[in-house]
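Understanding the architecture of this molecule
If you want the building blocks of each chain, they are given just below.
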Amino acid sequence: MSNIAIRVSDVSKKFKIFEDKPATLKDRILYKSKGVFQEKWVLQNISFDVSQGKMIGLIGRNGSGKSTLLKILTKILHPDTGKVEIVGRVSSLLELGAGFHMDFTGRENIYMNASIFGLSRKEIDGKIDEIIRFAELGPFIENPVRTYSSGMYMRLAFSIAVHVDPDILLIDEILAVGDNAFQKKCISRIENFKSQGKTIVFVSHDNGVMERLCDELYWIHESHLVEHGEPRKIIRNYMDFLNESEEKRLTAESESLAIPKENENVVPEDKAKSDRWGNKLVEISNVQIVDHKGIAKHYFEKGKSVTILIDYVASKAKIDKPVFGIGIFRMDGYCCYGTNTHIDNEKISLNENGVVEVSIEHLNLVAGEYYLDVACHHENGTPYDYITKALTFNVKSYEEEIGVAYLPHHWTHKGEPNQ
Ligand SMILES: Nc1ncnc2c1ncn2[C@@H]1O[C@H](COP(=O)(O)OP(=O)(O)OP(=O)(O)O)[C@@H](O)[C@H]1O
């Protein structure tokens, strides 16, 4: 174990999942419910070492087993097989409020909690002012913690956990409940911890923070350790995996949203928002978005080219001044971009049927889910065929961005050179 702070050897853990657990004593007596359960493995054959001074992150979908693993490292839970060896004093920040007594004040909880971490009353006396200052709870520190908001719990728990001078710090997702300013303060405290050579295991769904802080990431999926290594690589692989799952979901969803036909009377309820109107002199028969390789998809990488294909069938009658248009909307209905062939000065002369394509060189939308409206109408606005939510699609990005669209940019800095 020289240089190793945490050794996890072949750890597996199962839980009992009750199928008909009696809710009350009365149920138990009257209905003689047997409490039938199944066993579910939530961790299987997990092994890894964490060297002293390293910060590792656990990533994975909800329910993959990350928190259970942290609880095993803290010894709140015991593995069914395998073992965990830890060198050094552990401090942890797991479920909100865990380890707090609800009727005690914040101050009383500091004494109780810090003593669990092994500090003497005298040591706590020496640190308590700093713990309270860091938690920014002001006079609330004298109130019972049952009156605290989740953010206030987190401040207190984080402040205690980092002031008990641990060698190893285990942190679950709970940072997410703090406000932005406090989150930043926590992250800089964690960085400070790292620079002191402490060992940290961190669970978060914030990939940006994970990449920035961790030396290595461990990806857990359905109770198994899938891969570990350099954060950027693991995040990419994990994101690709999520994107593939998302592609399947969106394909299924778009099939259920499939363009409602004029004579199709039965419209399932979940299609209610996908709507269509117009005189049908021109009918849109299919809509697709294809990626830069021409593959129809529902998931696209930010900045890459895509093409929207609108298939139409025109009635025999002469169609006057047809205009094709598209609109891209965020799922909350905010219009991100819209254009049409009239705005772009493109004249369309229709055949009996055909495909109108609009190629977007750079899909510069920030990551998120969007929907597409397509339409064919007369230049004066009279709709031939207008379809809202013809498709939903997702934009993925490896960068952290906020807002709606990516505006290509670069930074410069002008100033006096340092002496
Ligand atoms: N005490 C318990 N009894 C039964 N099942 C449990 C118990 N605790 C957790 N589980 C189950 O174990 C699985 C793993 O849960 P865990 O909380 O470790 O996942 P996680 O990866 O931390 O998820 P999240 O990202 O949502 O926090 C889940 O299916 C969960 O429902």
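The model shown is predicted, which means the values in this text are computed figures rather than measured ones.

1. A look at the overall build of the protein
Of regular secondary structure, the protein possesses eight helices and 18 strands. For the protein, with 419 residues in total, the buried portion stands at 31%. Across the protein, the fraction of contacts at a sequence separation of at least 24, relative to all contacts at a separation of at least 6, is 70%.

2. A short note on the pairing of strand S1 (residues 4-18)
Successive residues of a regular strand alternate their side chains across the two faces of the sheet. Both S1 and strand S2 (residues 37-51) contribute to a ladder of eleven bridges, which runs antiparallel. Looking across to S2, one finds that Lys-13 is bridged to Leu-43. Here S1 runs beside strand S4 (residues 81-86); their pairing, made up of five bridges, is antiparallel. Note that in S4 the partner of Ile-6 across the bridge is Ile-86.

3. Notes on the site of the ligand
Inspection of the region around the ligand gives Phe-15, Ile-17, Val-42, Gly-60, Asn-62, Gly-63, Ser-64, Gly-65, Lys-66, Ser-67, Thr-68 and Glu-173 as its neighbouring residues. For the shell around the ligand, the secondary-structure elements that each account for two or more residues are S1 and helix H2 (66-74). Among the elements that take part in the shell around the ligand, H2 stands out by supplying three residues, more than any other. Residues belonging to the shell around the ligand are distributed by class as follows: three nonpolar, seven polar and two charged.

4. What about the sheet that holds strand S11 (residues 282-290)?
What the three strands build is an open sheet, ordered S11-S13-S16; its pairing is antiparallel. Only two strands of the sheet have a single neighbouring strand rather than two, namely S11 and strand S16 (353-360). Taking the axes of each pair of neighbouring strands and ignoring which way they run, one obtains an average angle of 20° across the sheet. Looking at chain direction, S11 and strand S13 (residues 306-314) are connected through eight bridges and run antiparallel.

5. Focus on H2
Along H2, seven of the nine residues are buried, which leaves the element largely enclosed by surrounding structure. Taken residue by residue, H2 has Lys-66, Thr-68, Leu-69, Leu-70, Ile-72, Leu-73 and Thr-74 as its buried positions.

6. What about the nonpolar core?
Formed by 62 residues in total, the largest nonpolar core has its most connected members in Ala-157, Ile-160, Ala-161, Leu-170, Val-201 and Leu-217. In terms of residues, this core owes the most to one element, helix H5 (residues 150-163), which gives nine residues. Judged by nonpolar contacts, the second largest core, of 28 residues, contains Ile-326, Tyr-371, Tyr-384 and Phe-393.

7. Examining unusual backbone geometry
The phi dihedral of Asp-165 is positive, around 55°, even though this residue is not glycine. For Asp-165, the location among the structural elements is in the loop between H5 and strand S6 (168-171). One non-glycine residue, Lys-389, lies in the positive phi region at around 50°. In this fold, Lys-389 is placed in strand S18 (residues 383-396).

8. As for the environment of Glu-173
Inspection of the secondary structure puts Glu-173 in the loop between S6 and helix H6 (180-195). Filtering out sequence-adjacent residues up to four positions away, Glu-173 remains in contact with Val-203, Ser-204 and His-205.

9. Overview of the sheet that holds strand S8 (residues 216-221)
The mixed open sheet is built from six strands, whose spatial order is S5-S6-S7-S3-S8-S9. Each having just a single partner strand, strand S5 (90-93) and strand S9 (224-229) make up the two edges of the open sheet. Recorded for the sheet is a direction-independent mean angle of 15° between the axes of neighbouring strands. As paired strands, strand S3 (residues 55-59) and strand S7 (residues 199-203) are joined by four bridges and run parallel to one another. From the neighbouring strand, Ile-56 faces S7, where its bridge partner is Val-201. H2 rests against S3, S5, S6, S7 and S8 of the sheet, and its axis sits at about 150° to S7.

10. Structural notes on the packing of helix H4 (residues 121-135) against H5
Between H4 and H5, the shortest axis-to-axis distance is 8 Å and the interhelical angle comes to 140°. As summarised for this structure, H4 and H5 are arranged oblique, according to the angle between their axes. In this structure, H4 meets H5 at a crossing whose hand is right-handed. On H5, the residues touching Lys-127, Glu-130, Ile-131, Phe-134 and Ala-135 of H4 are Arg-155, Leu-156, Ser-159, Ile-160 and His-163. For the contact of H4 with H5, a count of residues per class yields five nonpolar, two polar and three charged.

11. Observations regarding the confidence of the model for the protein
For the protein, per-residue confidence averages 86 on the pLDDT scale, and 89% of positions sit at 70 or higher. Within the model, pLDDT remains below 50 along residues 262-272, and this stretch shows seven contacts once partners closer than five positions in the same chain are excluded. Our summary of model confidence lists the complex with pTM equal to 0.67 and ipTM equal to 0.95.

Analysis parameters
- Residues numbered from 1 in each chain as written.
- Predicted model: local features only at pLDDT ≥ 70, side-chain atom pairs only at ≥ 80, totals over all residues.
- Helix = DSSP H or I, 4+ residues; strand = E, 2+ residues; numbered from the N terminus.
- Buried ≥ 20, exposed ≤ 12 C-beta atoms within 10 Å, placed from the backbone.
- Contact = placed C-beta atoms within 7 Å.
- Pairing = 2+ DSSP bridges.
- Near = placed C-beta within 6 Å.
- Nonpolar A, V, L, I, M, F, W, Y, C, P; charged D, E, K, R; others polar.
- Axes fitted to C-alpha atoms, helices over the stretch in contact; angles between N-to-C directions.
- Core = buried A, V, L, I, M, F, W, Y, C linked by C-beta atoms within 7 Å.
- Parallel < 35°, antiparallel > 145°, perpendicular 65-115°, else oblique.
- Left-handed = near helix turned anticlockwise from the far one by under 90°.
- pLDDT = per-residue confidence, 0-100.

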